[in-house]
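Per-entry structural report
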Amino acid sequence: MTRFKKFTVVAWSLVCVCTSLAVLLGSGRVQAASQPGSFMPRAEDFTLLWWASGPQKFHGMKTPPPEAVLCFQSGTLGLALDTKTVRLLHAGRFARTQNVEEALRPGNDAILALPPVALELSVRQGGRKFSCIGRGELPKDDFYFPVRFIESGRFLQRVAIEGLEFADSAGERFEAKGWLEIALWPDRVVLLFNLEATNAWTSGELELVAGGRRVSQPLNTRQPVVLELFGSKNPARPIIETDGALQLKQGEETGCTVLELPRHKWQNAKGTYYPEEELDRLDRWRFTVRNDSEREATLPIMFVDEHPPAITGFTPMLCDSDGTPTGIPVQISKNWHTRPEKGVLRHQGPWFHGCTFVRLPPRSRREFNFTMAYARYGGVPAASHAQLSLIGWGHNQFWDQSAIGSFGESICYEPGRVQRRCSIDDVRPLMTLPNAEAKPYGWAGNGGGGDFLAWIDEAGRYQGFRGTRCDYRAYGPCLTDVGYIEETLGGELTSRVKVSIARSDDYLRAFHHLRYDVRRPMKWQRLAFYQLGADFYNDTPARSVAIGDAKGLREEWQPIQAKDRYDRSAVVLAGEQSWISIHGVERKAVNQGGTVASRGLIVRSWQAVLGGKPCPQPHASFFATEWGKGNFRTVIELSPPPGLTELKPGDFVEAEVELVMFPADARAYYGPNAAFRTVLETDADTWRLVQREAAGNALQVRTTAGKVIRNYPLAMTVDRRGRAACTLAGGIGYVPVTFSGLGDYRDFELLVDGQPLNQAVHGKDFWQTDYDASRKQWQVTYNVLRDGSGPSRLELRHSKSTQDE
């Protein structure tokens, strides 16, 4: 057995200790916990970040909001920071813990109920005190936007505020500027303060005062001042043991244990963007966590790779020693951006930071494998959803990047709509060559642009959003699950959108669940419940549109080419599984970096009350735009029915919309899916591909155990015995199948027509496990290949009886 190196985490310091594996505590031993629930995150173990009054800048904004307040929240802590004056307006522990659903409710009431906390940043030099007077004005170049989101996700929010200015009591300015970082974990806040690297590094000291505590640092050390707020006064001291492959680094500045991943040389004989030899690569590194004390301990961990080899798509997981996924989430935060011509910024790319949060019961020990899946998982391109930091690119706000495989982006989202005034941004066809000279396993061209709710009020003003929160529930690798929750600037409407992509090998499918609730009357010049293509982001010049349903085509036509005019409005989308296709790509009008691809949307389900009346069917409108002279595009919108002019309180829309993208040239597809390649030969760049997906994945499910909660992607709950079974008819490609309500994540299997499903390449590497902390239950997701298959019986069963504690 490999001897372990042992490390102790004491508050923010990481202290090496030498002990034997059998650690005695008085007369007892530290025992490996047999009940996995005790190590899982609790309902309060999450973090959120949002602008209270909406983002400070977005495309077309004439004046920024009067407030620049940034809110941070976990289930136990909250703070509101004025990013202009750098004052803590509110901060502290909540009187009672919150779960994430409570924290996602619109408004800032929970934060505003907390008391103000004095925050003072100062420089003492030559007998004078220079206090922070806030940050300077916003720069014209958004590359240098001073409020910079570093990590944002399930367990860690970290933000840097640059360009802080200082003055003494007489108003004289200090010669250097400074910066402040705020890091929020579920159970602690860390403040980090320093000066920019200038000739001001002389005698004197930095001083940080917050919450009645003071810390300082001599200026000539050039080290930041670090202060923890609201953490435990006498924390237990967890121990981390590694075999040396994972290197322990000091994590004082991020408030966690840092484990640095080893660097391995990858093979790449053909010189492709992603190496063909490494498509099925899966890395595992072993480590053990221990709590020798009589009190529960919490252990925030950051896995770090400063040179990630497959940065556009990968999924980190915490697994048991035998490779079984545990369901403990690992947040994916990363950055690949650099622009050397503009300068070097702190926290620019490349890097990967995988953040997790482990609870350790008293006198407990548990061994983990930190697992990294890259391009494929179980032999099929894996799905991942990551927060991509924009530091080094510009704007420096929220950006989420989803990928199928590791061949570039698949679909991106920008909560806050800062750059192009839209939420759906870069969208790229899967496994598609951008040109005839390109090699496989690289970036496809971009056919991006789209949005969820878009509202131009009756005065012609675009109405944005505030309080936009990101809820990361599943990062992959079989099916991602992320929510975006926000409200309009005046509180007229709340929006809850869920987005997912799935492990697959044919084409991009993005699943979007929409829920809008009207709280105040709304009128408009334009109102869209969903947009395919957006007003300021619509990269693909497709000249034909078609509408239909699962049975076939209803109508096909060529929309007008004009500027800011509707071609058609409020067209009813009748029939089951109604769809819209936009195709007929004009090759010569494709922008540099664009893609030759067709797109479509499928309305899988629709419920609405609009204007106080049921609206049983969706409607569509087709809006013509012009990007420069003669550069025409068509925006597809789900819209209100004809004659409706006002939404009333109590109105709502709830819909399942599937976005699909296909290569418009059959020769460009290099993926392995034979069924898709065959239909591309005859149907590329036509409406038939959208209709095939609409009809083919209109699944028919008949259950014999458990309950169906969503038809596609298929989701079922298990029965009281932990079983679920159904007969499945239909399906194209790898169909995601999720089973929830499990009392344990171990010792089960999925039978397909009586045979265990086994797609493994490296053992237990073909299913995904997630944990619902509020219900204390697990769910597992598989992807079942359905191309050309008749009805199949699916059955999830436990191989032995296990129950949660």
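Predicted model only: the values in this text are computed from it and were never measured.

1. Regarding the overall build of the chain
Scanning the chain for helices and strands turns up four helices and 62 strands. Taken over the C-alpha trace, the chain has a radius of gyration of 27 Å; the compact-globule value for 805 residues is 28 Å, and the two agree within 12%. In terms of its C-alpha atoms, the chain occupies a principal-axis envelope of roughly 80 × 65 × 55 Å. Relative to its 805 residues, the chain shows a buried fraction of 63%.

2. Notes on the environment of Thr 781
Relative to the assigned elements, Thr 781 resides in strand E61 (residues 777-785). Remark: the alpha-carbon pair of Thr 781 and Tyr 516, spanning 265 residues in sequence, is separated by 27 Å. Here the side chain of Thr 781 touches Thr 738 through a polar contact of 2.8 Å, side chain to side chain.

3. As for the nonpolar core
One finds Leu 119, Leu 121, Phe 166, Phe 370, Phe 739 and Tyr 782 to be the most contacted residues of the largest nonpolar core, which totals 184 residues. In this view, Leu 121 contacts Val 86, Phe 130, Ser 131, Cys 132, Leu 164, Phe 166, Leu 180, Phe 193, Glu 207 and Leu 208; residues no more than four positions away in its chain are not counted.

4. Some thoughts on the pattern of salt bridges
Under the criterion given, the structure shown has 55 salt bridges. Linking Arg 496 and Glu 101 is a salt bridge whose minimum nitrogen-to-oxygen distance equals 2.9 Å. Taken together, the residues Arg 496 in strand E38 (residues 493-501) and Glu 101 in helix H1 (residues 100-103) connect sequence positions 395 residues apart. Here Arg 496 falls in the partly exposed class, since its relative accessible area comes to 31%. Overall, Glu 101 belongs to the partly exposed group, its relative accessible area being 41%. Arg 568 is the partner of Glu 555 in a salt bridge, and the nearest nitrogen-oxygen pair spans 2.9 Å. Note that Glu 555 is positioned in strand E44 (residues 552-557) and Arg 568 in strand E45 (residues 565-572), a separation of 13 residues in sequence. Judged by its relative accessible area of 27%, Arg 568 is partly exposed. One continuous salt-bridge network, built from bridges that share partners, spans Glu 151, Arg 158, Glu 162, Glu 181 and Arg 346.

5. Details of the packing of aromatic side chains
In the structure shown here, the tally under the stated rule is 38 aromatic pairs. Judged by centre distance (5.6 Å) and plane angle (50°), the ring pair of Phe 407 and Tyr 441 falls under tilted. Residue Phe 407 is found in the loop between strand E31 (400-404) and strand E32 (411-413), and its partner Tyr 441 is found in the loop between strand E33 (424-427) and strand E34 (450-451); the two are separated by 34 residues along the sequence. When the ring of Trp 767 is compared with that of Tyr 782, the centres are 6.4 Å apart and the planes differ by 40°; the resulting orientation is tilted. Here the residue Trp 767 occupies a position in the loop between strand E59 (755-756) and strand E60 (768-772), and Tyr 782 occupies one in strand E61, the gap between them amounting to 15 residues. Considered together, Trp 767 and Tyr 782 belong to a single accessibility category, that of buried residues. Grouped by ring-pair contacts, the aromatic residues Trp 266, Tyr 274, Tyr 374, Phe 407, Tyr 441 and Tyr 670 constitute a single cluster. Over the aromatic face of Trp 50 sits the side chain of Arg 469, whose NZ or CZ is 3.7 Å from the ring centroid. A cation sits over an aromatic face here: Arg 633 above Trp 627, 5.6 Å from the ring centre.

Parameters and conventions
- Residues numbered from 1 in each chain as written.
- Predicted model: local features only at pLDDT ≥ 70, side-chain atom pairs only at ≥ 80, totals over all residues.
- Heavy atoms only, no water.
- Helix = DSSP H or I, 4+ residues; strand = E, 2+ residues; numbered from the N terminus.
- Rg over C-alpha atoms; globule rule 2.2 N^0.38 Å.
- Buried < 20%, exposed > 50% of the residue type's maximum accessible area, 1.4 Å probe, protein only.
- Polar contact = N/O pair within 3.5 Å; in protein donor to acceptor, adjacent residues only side chain to side chain.
- Core = buried A, V, L, I, M, F, W, Y, C linked by side-chain atoms within 4.5 Å.
- Contact = heavy atoms within 4.5 Å.
- Salt bridge = Lys/Arg side-chain N within 4 Å of Asp/Glu carboxyl O.
- Phe/Tyr/Trp six-rings, centres within 6.5 Å; stacked < 30°, edge-to-face > 60°.
- Lys NZ or Arg CZ within 6 Å of the ring centre and 35° of its normal.

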